[in-house]
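Okay, here's what each chain looks like letter by letter:
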Amino acid sequence: MIVVAPFLFSKRFRALAVYPFIFVATAADARDAVLVQHERIHFRQQKELLFVFFYLFYALDFLRNMFVYLGNAHKAYRYICFEQEAYTFEHDANYLSARKLFAWWKFLG
Ligand SMILES: [Zn+2]
């Protein structure tokens, strides 16, 4: 379910997936197929990690990346394994039907 909630967002972020909701900043974002596909990939990751482990690993990978990229928060975010999978396949509408379980694992680097 897509919820338009502009108050949740800054200029840097446009969407947030918290299964079963995709929160977006604007009505135009709700119609953005690439953005919605990106968030649906996060849904799959969240479900296979029973939600709590998704948020835990997401935070740990971000912190690890903050060390690796010397405090560059944007890079630390972009190189989170879950974001890498979502950005890599957000343009592929068929990705989720062929995706293997724990596909984010190969983006851990
Ligand atoms: Zn993302």
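Because the structure is predicted, anything quoted here is derived from the model rather than measured.

Scoring rules and cut-offs
- Residues numbered from 1 in each chain as written.
- Predicted model: local features only at pLDDT ≥ 70, side-chain atom pairs only at ≥ 80, totals over all residues.
- Heavy atoms only, no water.
- Buried < 20%, exposed > 50% of the residue type's maximum accessible area, 1.4 Å probe, protein only.
- Helix = DSSP H or I, 4+ residues; strand = E, 2+ residues; numbered from the N terminus.
- Pairing = 2+ DSSP bridges.
- Salt bridge = Lys/Arg side-chain N within 4 Å of Asp/Glu carboxyl O.

Asks: Could you give an account of the pairing of strand 3 (residues 21-24), with specific residues and numbers?
Replies: Alternating positions in strand 3 separate cleanly, Ile22 and Val24 being buried on one face and Phe21 and Phe23 remaining unburied on the opposite face. As defined by bridge partners, strand 2 (residues 15-18) adjoins strand 3 across 4 bridges and the pair is classed as antiparallel. Bridge pairing in strand 3 places Val18 opposite Phe21. Between strand 2 and the antiparallel strand that follows it, strand 3, lie 2 residues.

Asks: Run through the pattern of salt bridges, naming residues and quoting values.
Replies: For the coordinates displayed, the defined rule picks out 5 salt bridges. Here Asp61 ties to Arg64 by a salt bridge, and the two come within 2.7 Å at their closest N and O atoms. Taken together, the residues Asp61 and Arg64, both in helix 3 (residues 52-68) and 3 residues apart, mark about one turn of the helix. Classification of Asp61 by relative accessible area gives buried; the value is 5%. Arg64 gets classed as partly exposed once you look at its relative accessible area, which sits at 32%. Of the charged contacts, one joins Arg99 and Glu85 as a salt bridge, the two residues approaching to 2.5 Å between their closest N and O atoms. Within this pair, whereas Arg99 is found in the segment after helix 6 (95-98), its partner Glu85 is found in helix 5 (residues 81-89), the two being separated by 14 residues in sequence. Considered together, Arg99 and Glu85 belong to a single accessibility category, that of buried residues. Beyond isolated ion pairs, a larger network of salt bridges with shared partners links Arg14, Asp29 and Asp32.

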